[in-house]
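# Working through the structure, step by step
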Amino acid sequence: MSKTFYIETFGCQMNAHDSEKVIGTLEHEGYQRVENEDDAGLILYNTCSIRDKAEQKVFHRLNEYKRLSGEGKKFAVLGCVAQQEGEKIFDRAPYVSLVSGSASYRNLPQMLVRLESGEKRITGLDDRQTEETFDTEFTARTNPHRAYITIVEGCDKFCAYCVVPYTRGKERSRGSDSVLAEARRIADSGFTEIQLLGQNVNSYRDPSGRMTFAELLAAVGQVPGIRRVRFTTSHPRDFTREIVQAIDSIPSLCDHVHLPVQSGSTAVLRAMAREYTREWYLERISWMKAAKRDISITTDIIVGFPGETDQDLEDTATLLDEVQYDGVFAFKYSPRPNTPSIGMADSIPEEEKSRRLQILLDRQREIQRRNYAKHLGTTMEVMVEGHNSARAQVIGRSSQNKTVNFTTAQPILPAVASYRSVRITQTFPNSLAGEAVAAE
Ligand code: 5AD
Ligand code: SF4
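Residues numbered from 1 in each chain as written. Chains lettered and ligands numbered in written order. Predicted model: local features only at pLDDT ≥ 70, side-chain atom pairs only at ≥ 80, totals over all residues. Heavy atoms only, no water.

Moving on to the overall build of the chain. Tallying secondary structure elements over the chain gives 13 helices and 19 strands in all. Its C-alpha atoms give the chain a radius of gyration of 22 Å, within 12% of the compact-globule value 22 Å for 440 residues. For the C-alpha atoms alone, the extent of the chain along its principal axes is close to 60 × 60 × 50 Å. For the chain, long-range pairs separated by at least 24 residues make up 74% of all intrachain contacts whose partners lie at least 6 apart in sequence. Just so you have it, the chain exposes about 18,600 Å², and 49% of that area is on carbon and sulfur atoms. Considering the chain, the positive charge centre built from 56 side chains and the negative charge centre built from 60 side chains are found 2 Å apart. (Helix = DSSP H or I, 4+ residues; strand = E, 2+ residues; numbered from the N terminus. Rg over C-alpha atoms; globule rule 2.2 N^0.38 Å. Contact = heavy atoms within 4.5 Å. Areas by Shrake-Rupley, 256 points an atom, 1.4 Å probe, with all protein chains shown as cover. Lys, Arg positive; Asp, Glu negative; His and termini not counted. Charge placed at Lys NZ, Arg CZ, Asp CG, Glu CD.)

What follows is the structure, encoded as structure tokens:
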């Protein structure tokens, strides 16, 4: 029982992949993963603090763990809430014995030894000290169709609303040799899809000075066996023409770019310290629109940032019209601890934020309805990601990152991670539906 662990993960893909590295590290240290917290000697909780409710959820969940704490179990809180709340977690949940932010995970093996020897308040709290990245050859691959590689950790951008520079530490990139070696290992183990990760993935700076981000992207796309390469999240500030050229010339690089704009108003962008204007952003969009391939573009938006006026909102709405995104993740602004925007004047009431959010979502839904309708009758390559057995349907994804649900004439549904050609027979604002045209 003591060498078993259960891990629960919240938050972004970075966090999901951090958990894969943590699982691999624990397994290498002799721990065995179990699927149920009741069976575990050690319970780990990998947390997120990007928006308000995220950390409330953590404390709520920790409270639920309390019922297990009498049984000699140990608890660890990892990730962004761990880094943000630090030792305060021990006060609120005294049965927790380890608190560590992501910038300290490379010290996990030593922390585990201390935990086993019965130490009670072990911390790995970095506070932007680290220059090192956390790489491990023991990474557990828990996603059956996609292998992640972290190429940039941390963030130095300090957008006024964002907690990440405080929770994930200083920006640091991993050497291109090490990234490519991992990509080759991944391909050798049978994966065909790789996603490169970083809070600012395209601000990658090769410590060996050998490659730009676009060159690394191209090199990963040329690893034998790799059919799809994705990357998230890009910052407009670091988005180069070279990236578009790489996508245009290497078919394995997916024709999808997620480029968070946050607001269509230059005044709000300035207040957010985003370091670009509406026009500057739209210029990057025009590079993608001019590409030979049909690059699908998605974005993140924050509504109700302090001081946002009706005109600012209208600027964001017209930006949606101009860009014609294939997907928009829109969030109500939520003040985060330590961030510069926390004390800003002119905060927007919650109901007003909801109203603004709805205006944008309604507008975007129509755009997507039209965009997705353009695929009707076309045939595209789809990677199988799952099955809906109740409806005998296959759930997959196109290179453009669109969800494609399809049926097949074969009695056995195609395996996860295999590819099929699918003819699109129905379109919706968020997904496509069709039928497989030929078995591979
Ligand atoms: N409030 C609301 N949304 C936020 N995001 C980041 N910080 C905040 C915040 N304080 C959104 C941004 C970012 C996405 C991951 O989460 O849009 O791109
Ligand atoms: Fe959440 Fe941001 Fe941390 Fe990811 S990096 S887990 S989104 S706070």
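Close to ligand 1 lie Ile50, Arg51, Tyr161, Gln262, Asp300, Ile302, Phe331, Lys332, Tyr333, Ser334 and Arg336, which account for all nearby residues. Between ligand 1 and aspartate 300 there is a distance of 2.6 Å, counted from an oxygen atom to a side-chain nitrogen or oxygen. For ligand 1, a nitrogen atom lies 2.8 Å from a polar atom in the backbone of serine 334. Protein burial of ligand 1: of its 410 Å² of free accessible surface, 87% is covered by the chains. Among the secondary structure elements, those contributing two or more residues to the shell around ligand 1 are strand S13 (296–303) and strand S14 (327–332). A class-by-class count of the residues in the shell around ligand 1 yields five nonpolar, two polar and four charged. (Near = heavy atom within 4 Å. Polar contact = N/O pair within 3.5 Å; in protein donor to acceptor, adjacent residues only side chain to side chain. Nonpolar A, V, L, I, M, F, W, Y, C, P; charged D, E, K, R; others polar.)

So, about the pairing of S14. Examined bridge by bridge, S13 and S14 share six bridges and lie parallel to one another. Within S14, the residue paired with threonine 299 across the bridge is valine 328. Where the polypeptide runs from S13 across helix H12 (residues 310–323) and back to S14, its parallel neighbour, the crossover connection is right-handed. (Pairing = 2+ DSSP bridges. Right-handed = clockwise from strand over helix to strand, strands pointing away.)

This part takes up the pattern of salt bridges. Opposite charge on two side chains permits them to pair, given that their charged atoms come into close proximity. Tallying each qualifying case throughout the model produces 42 salt bridges. Note that glutamate 55 and arginine 336 form a salt bridge whose closest N and O atoms lie 3.0 Å from each other. Separated by 281 residues along the polypeptide, glutamate 55 in helix H2 (residues 52–65) and arginine 336 in the loop between S14 and helix H13 (350–373) bring together distant segments of the chain. Of the residues examined, arginine 336 reaches a relative accessible area of 1% and is grouped as buried. In this structure, aspartate 321 engages arginine 363 in a salt bridge whose closest nitrogen and oxygen atoms are separated by 2.9 Å. Of this pair, aspartate 321 sits in helix H12 while arginine 363 sits in helix H13, and the two are 42 residues apart along the sequence. We classify aspartate 321 as partly exposed; its relative accessible area is 32%. (Salt bridge = Lys/Arg side-chain N within 4 Å of Asp/Glu carboxyl O. Buried < 20%, exposed > 50% of the residue type's maximum accessible area, 1.4 Å probe, protein only.)

Right, let's talk about the packing of helix H7 (residues 176–188) against helix H8 (residues 213–221) for a bit. Taken N-terminus to C-terminus, the directions of H7 and H8 make an angle of 25 degrees; their axes are 10 Å apart at the nearest point. Comparing the axis directions of H7 and H8 gives the class roughly parallel. H7 and H8 meet at a crossing whose hand is right-handed. In this structure, H7 contributes Ser176, Val179, Leu180 and Ala183 to the contact, and H8 contributes Leu216, Ala219 and Val220. (Axes fitted to C-alpha atoms, helices over the stretch in contact; angles between N-to-C directions. Parallel < 35°, antiparallel > 145°, perpendicular 65-115°, else oblique. Left-handed = near helix turned anticlockwise from the far one by under 90°.)

What the second largest pocket holds in volume is close to 280 Å³. Along the wall of the second largest pocket there are 17 residues; nearest its centre are Lys289, Asp294, Ile295, Gln324 and Asp326. Of all the secondary-structure elements, those providing two or more residues to the lining of the second largest pocket are helix H11 (278–289) and S13. Residues that form the lining of the second largest pocket fall into these classes: six nonpolar, five polar and six charged. (1 Å grid on protein atoms, 1.4 Å probe; cavity = no way out; pocket = protein on both sides within 12 Å on 5 of 7 lines; lining within 4 Å. Points joined across faces, edges and corners; volume = space filled by probe spheres on them.)

On to the sheet that holds S13, then. Spatial ordering of the open sheet is given by S12-S13-S14, a layout of three strands whose pairing is parallel. Edge positions in the sheet fall to strand S12 (256–258) and S14, since each has one partner strand and no second. Neighbouring strand axes in the sheet, compared pairwise and without regard to direction, differ in orientation by 15 degrees on average. Here three bridges tie S12 to S13, and the two strands are oriented parallel to one another. Across the sheet, the residue bridging to valine 257 is isoleucine 297, located in S13. Along the sheet, H13 makes contact with S13 and S14, crossing S14 at roughly 175 degrees.

In this section: the domain arrangement of the chain. Once the domains are mapped, the chain shows domain 1 (4–124), domain 2 (132–303) and domain 3 (379–436). Computed from C-alpha atoms alone, the centre-to-centre distance between domain 1 and domain 2 is 28 Å. Counting the surface lost from both domain 1 and domain 2, the interface buries some 2,200 Å², and carbon and sulfur atoms represent 59% of this. When the buried surface of domain 1 facing domain 2 is broken down by residue, Met14, Glu20 and Lys21 rank first, second and third, together holding 31% of it. When the shortest N-O distance is used, the salt bridge between glutamate 132 and arginine 106 registers 3.7 Å. Only helix H1 (13–28) and helix H3 (79–85) provide two or more residues apiece to the side of domain 1 that touches domain 2. Ranked by the residues each element gives to the side of domain 1 that touches domain 2, the list is headed by H1, at 12 residues. Grouping the amino acids of the side of domain 1 that touches domain 2 by side-chain chemistry returns seven nonpolar, 10 polar and six charged. (Domains from an automatic or database assignment. Buried area = accessible area lost by both parts, 1.4 Å probe.)

Along the chain, threonine 232 connects to threonine 233 via a cis peptide bond; the corresponding omega equals -10 degrees. Here threonine 233 shows up in the loop between strand S11 (228–232) and helix H9 (241–249). In this structure, arginine 128 takes a positive phi of about 60 degrees despite not being glycine. The residue arginine 128 is located in the loop between strand S6 (122–124) and strand S7 (147–150) in this model. Here the phi dihedral of glutamate 275 falls at roughly 65 degrees; this positive angle occurs in a residue that is not glycine.

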